[in-house]
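So the chains spell out like this:
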Amino acid sequence: MSQDDSDVKSRNLQSESTSSVLFMAGAVSGITEALVVQPFDGCSMTQFLILEAKILSPEHRWSAFWLELSVAFQKLLLLPLHKLLKYAFSPKISSENGKVEEKVVGKFAQSISTVELVGFINQDISDEDFRVVVLLVVNKIGSEVSFMTEFSSHDDAFQSFVELASEKFLAAAEHMDTAKWKLHALIRFFVECFARVDDAKVRGAVLRFVSLPCWVNLSSERRSLEFEASPSLVSNWEKFQSVKAKLASKPAAKKRGEKRKTSSPEDSLKRDENTMVAAISMILSLVRADHLGEDEQLCCKSLLELLVLILSHPVTRKYFAILLDDKHVVALLRLNVDTKPHLASLKPWVALVEWFVGVGADNVSTPRDFVLELQRLAFAEFPEKLKDLMYSSHGTISDRTNLSKTLRLLDAAELVHIAQVLKLWTSNDDASYPNDSELALKLIVDKVCTKPNPVDAFVSETVYPTEVTLFDRDVLPMEDNFQAIQNPIPKLDVQFLNILDYLHRSYHLYRLESAFEIREDIVDAVRKMQPKQAITGSVGYTGNSKMATPIIGTSIDNVAKARIGEAYPARVTISVTIDLHAFSGETRGEWEDLRESDVVFLLQRDDQSAQSVGSKRRIKLRLDPRQYSEDISAGNNCTEQFNLLVRRNPRENNFKSVLEAIRSLGKKQDIERDIPVFVRDLLLGVSDPRSSTYSWDLISGAVTSKELTVDSCDMFQDLDHVRESFPGVMVDVAEGTLAPPFTLQLTLTAVNAVPQITTVKVTTSVRSLTSPYEDLFEVSSLRQAVRYTPKQVEAITTGMQDKVTMIVGPPGTGKTDVAVQIIANLYQQHPTQKILVVTHSNAALNDIFAKIMAKVDVDPRHLLRLGSGERDLRENIVARTMQQKAERLREQLELENTFSKTGRVNWSLTRRLHLLTQVQQLAISLGVFGDFGSSCEVAEYFYQSQIKPRIEQVESANGGGGNDVESFIFRPFFHDLPAESWAKPTVIARCLRTIEKIFAELRDYRAYELLRTQALRGDYLLTKQARIVAMTCKHAAIVRDRLLEQGFRYDSLIVEEAAQILEIETLIPMVLQRSDALEPCRLKRVVLLGDHHQLTPIVRHPYLRSYANLEQSMFARLVKLGFPHITLDRQAEYVVAVYQYMRLMGYPAQRISILTTYRAQQQLIRDLLNKRCGNDLFGMPAHVATVDRFQGQQNDVVLLSLVRTRGVGHISDVRRLVVAISRARLGLYVFGRRALFADCAEVKEVMGHFATLPSQLQLLAGESYPSRRAIESPSVVDASSVLEMDGVTTMGILVYQMVQVAQVAQQKAAATAAAATTSMDTSA
């Protein structure tokens, strides 16, 4: 290879042991070169192959070579890290700037494992090498989600690394002349650690830096104030001082296997005391400088981020916030950033620090009246200079401008004296800031004056994005490299300081995510419109977009006067004229269907000539009053110059409603009253998560046992089903209990703080009399179709109790069936309560409603769905051409329309007419003449005057148990009732109940005669009549204000797909009702169903998703907090039961593999196998894997779990399905929902073959492995010996019985072997 072609360089590296390394690197992509490492220190010759060294430019050739060399280097440890890095770069790159080095180390971090990194740390490492290792750690934390968990699991190594990092950090803080880009790596490490304090091991390693020992640096005056306010701190402090004194006498120790001598306990304690104080000193030193370079700016931002992370977590801020206040950090930061232009980029960070200091004002000191203290001081010591202040009102003194002007009459010494008297200035300040008048003035003003309301920080902001929000990188980061982004963005943690903190973080992050999505849509629309500038300077559009259209003209219609206390107009409306001639079909319909609540965006450009006429539309828009006021004040009156209108997909354009809902919650002073206590404590994550469960009194020891009464309704199919649902529990069946519905009396006790059911008493439920016509239906149609598993029964039973219930359901485990059963049971058990059902998608809502309709006991008039999925369903019908699918979607559309507000009102009006017709027929059957079916009011008069007396007469005549049907006065009305029905003893009572139900239902419809508009009727339906109200989480935010105005109330909240809903979008459905001192919040129970192992909430911005943790759902957070949850296992149970059966029949475990399509189901199956098969009787199968992972492998028997319940999912890819069904050599058993896959066109051909086979598992009794039955001779099988499994429960019972037999056989075999051994010993 020639020098010209490849630009090959070679360089000799000499190590301290005089061993050398010769290396070569090619500058052209794709060249293969050999790396030869010379022997040294006993190492043998080793060759490494460098493949495809892709070099972008000559000056980076060595760094590229280093990337290829990294694996070889970290194994052989040829040179110290920093030296190899030095030689790996050209002198120009490595001399001053560390950015390239950080970039290369970042690439190296991707190839090094955690174990290898731990090996570096355990060495006697130099300062330079340690800095490189810190860079490796920080890069791996940023690029690998699980790295910190893996790293912290190496307890000794991680602890040692944190200690060493603290030591190096303190040394660097003492020598601020150190290159800041080197110091930055250490700061970033602590930032990453405090960002992960929810990890117990990380928290244990770094919490000591912000615990009580750091109060050593607290001024004695401030410490005394804190001790006076909280005596318990005094004893803790004394214990700490005692421990410190003991540690001072202990020498340094050397850990086993460690080359580096560990510091003494006293030195370790000093590090704990001073590490974060060093960070404070460092940031204050940097901001006081007259100039900051780029590296210093990065250090400042990282240090401020570190302060934010510590202050934003309840665990880490407890002592540190007081130390920060004593050091006047916020005041000093504000004084410097407000007066020094070169610190302008730090202002947002300082504001965020101020926010967390203010919103979490949790200092233990007793509040003081600083205004009164200042007035008394002025009267006593400054009667002349502060004469005006002495006689001013409280409000005047609290004004920052007035007070600052007054206090500036004093000199520096006098201001410091006032601060000292007010206990704001300590002896430490005399040494650090002698006679600093500006600092003393700010401290006094900040304490005395009224503090800005933290709510105003986000309540005053507009919910609409501006051009600054959309395109300013300092507001909304655009880079893909997270390490290069340092924007002042709060993070969603597992715990929060208070409700306001929770709302502020959610609001800020949701606003940024919305802005990002809007920016993407606007940029896409403008790009497609292809704006071009003409020679004249005007701009026209040569392209087209269905989401944007040019504006012909705009005009301001109205600018309303500002409301009292506001500085912007109450309302601004304009008219916009657009031309729709370029659109047709569906797109034209979307523009025509713009609704009042839709948000559109106006873009400004140069003027443009008018468009063609004939399809013009004038749209009236409400502008954002705040932004309009700001534009006018800035002299930017661009309202009439807008000439491009951009709209967004309505399904993605609900940001305004969510942000306004959060903002309105923040405005409410008593917001905590609207949230039940059991939800509020769980929301903040600061209490024991179990306290929000129904069994907390049992867990906490307040009671020793607990009784629960559960009306199971149609939950059980028979008594055997009840017994199966409580395995290992004594089930006591009351005499005479034969058929459902049942009432269960559960007795619970706590075993190791875990509630367990000890006894179950079963009785027949006393149900209200039903219509006599109900006997004409088949009994099977009224019974439960799903035979629930024990886990599902546990989930349903728990979901009916008060407080919070969490149900984790991997795909295919019947989450929707469980949710519907909980709804139906609550509906029956609490007839006066209202249930709110919330889902993430319209499809899930349709599925739930379809199953609720199948419940006989749920009255359709009590069902209501808010919002509309009509547009989604219509689009699906158009997009899919298969007739079966289109028909199914049309049925869903009809369902949605029926249960919408309009559909329910129309249904109720139709139902009203039907009932009035029956009333008229009843009058005729009694021989009473009159138009009694003309209205609900007349019908009620008819009931009171004619029907009620007759009912009382019949009840009196039959009071002794008689059943005289011949003289039954209402018998003509039931003329179509069969003769056999009249022979039943309860027929008269049931007939009377039917008549009373007619008039009771008409009373509900009477309001429709008084309310003449559909809107008023719909509101009545929502607030008074409906008992099961459903909506999506987005729609809950849209209608929240309306629901509050109407006085909407509900008692139960069921959230399906909770793991796919954003944190704040889960909270909003919990606060859709008002509460006050007279009527507290009615919400009694919350049921969350989902699977945090599946899809997370959709967050499009990668930085907000990964760094700010915006994709965190409340469901996943509660799991992290350790909230007790129930994991469903329906299909997984079946798969494991079949595996157990095959093992009991003799099939070798290594010939059986279990496959599934999702990792969550894979993990669930593994958990069940570990629990049930981790013994000699079963053992583990050869594989438990996903289909994708098993590609290329086979086994004799494959159990395939297709876990979908609503949609086919990615198995619709026929290639993946072919892989799934072709892995078995001898036997394939598929577990899934046949009807679901039958409708999928992509897999119809494959699934059509399965349709010819039995849908239920068939077993041949008595047959074992290996079978001697010929497969070609099925006729030899006796039909009576074939067992058909109708579900997981039947299979489970069979396996259980077989296990009992097998265990007895094992015991006999063991006894026989023992006897034989004893006999042999005796003979010997």
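Please refer to the structure higher up on the page.
Below is a short write-up of the structure. Note that the coordinates shown come from a computational prediction; the quantities given were computed from them, not determined experimentally. (Residues numbered from 1 in each chain as written. Predicted model: local features only at pLDDT ≥ 70, side-chain atom pairs only at ≥ 80, totals over all residues. Heavy atoms only, no water.)

Between helix α45 (residues 987-1010) and helix α46 (residues 1014-1025), whose axes approach to 10 Å, the crossing angle comes to 155°. Comparing their axes, α46 and α45 come out roughly antiparallel. You can see that α45 and α46 cross each other, and the crossing is right-handed. Every residue of α46 that contacts α45 at D1004, Y1005, A1007 and Y1008 is listed here: R1017, Y1020, L1021 and Q1025. In the contact of α45 with α46, the residues fall into five nonpolar, one polar and two charged. (Axes fitted to C-alpha atoms, helices over the stretch in contact; angles between N-to-C directions. Helix = DSSP H or I, 4+ residues; strand = E, 2+ residues; numbered from the N terminus. Parallel < 35°, antiparallel > 145°, perpendicular 65-115°, else oblique. Left-handed = near helix turned anticlockwise from the far one by under 90°. Contact = heavy atoms within 4.5 Å. Nonpolar A, V, L, I, M, F, W, Y, C, P; charged D, E, K, R; others polar.)

A separate point is the pairing of strand β14 (residues 742-751). In the sheet, strand β12 (residues 705-711) pairs with β14 via seven bridges, with the strands oriented antiparallel. When the bridges of β14 are listed, T709 appears paired with Q745. Bridge count for β14 against strand β15 (residues 754-764) is 10 bridges, and the pairing is antiparallel. Bridge pairing in β15 links T743 to T763. The hairpin formed by β14 and β15 contains two residues between the paired strands, and N752 there has a positive phi angle of roughly 55°. (Pairing = 2+ DSSP bridges.)

The five strands lie next to each other as β9-β11-β7-β8-β10, forming an open sheet whose pairing is antiparallel. Every other strand in the sheet has two partners, leaving β9 (601-604) and β10 (616-623) as the edge strands with one partner each. Across the sheet, the axes of successive neighbouring strands diverge by a mean angle of 40°, strand direction being ignored. The pairing of β9 with strand β11 (residues 642-646) spans four bridges and is antiparallel. Within the sheet, the bridge partner assigned to Q604 lies in β11 and is F642.

Across all of its chains, the model carries 24 aromatic pairs by this definition. With a centroid separation of 5.2 Å and 85° between ring planes, the pair formed by W215 and Y319 is classed as edge-to-face. Of this pair, W215 sits in the loop between α11 (200-206) and α12 (220-229) while Y319 sits in helix α16 (residues 314-326), placing them 104 residues apart in sequence. Considered together, W215 and Y319 belong to a single accessibility category, that of buried residues. Considering the side-chain rings of Y1103 and Y1107, the 4.9 Å spacing of their centres and the 5° angle between planes classify their relative orientation as stacked. A residue is classified by how much of its surface remains accessible, and Y1103, at 1% relative accessible area, is buried. What makes Y1107 buried here is its relative accessible area of 16%. (Phe/Tyr/Trp six-rings, centres within 6.5 Å; stacked < 30°, edge-to-face > 60°. Buried < 20%, exposed > 50% of the residue type's maximum accessible area, 1.4 Å probe, protein only.)

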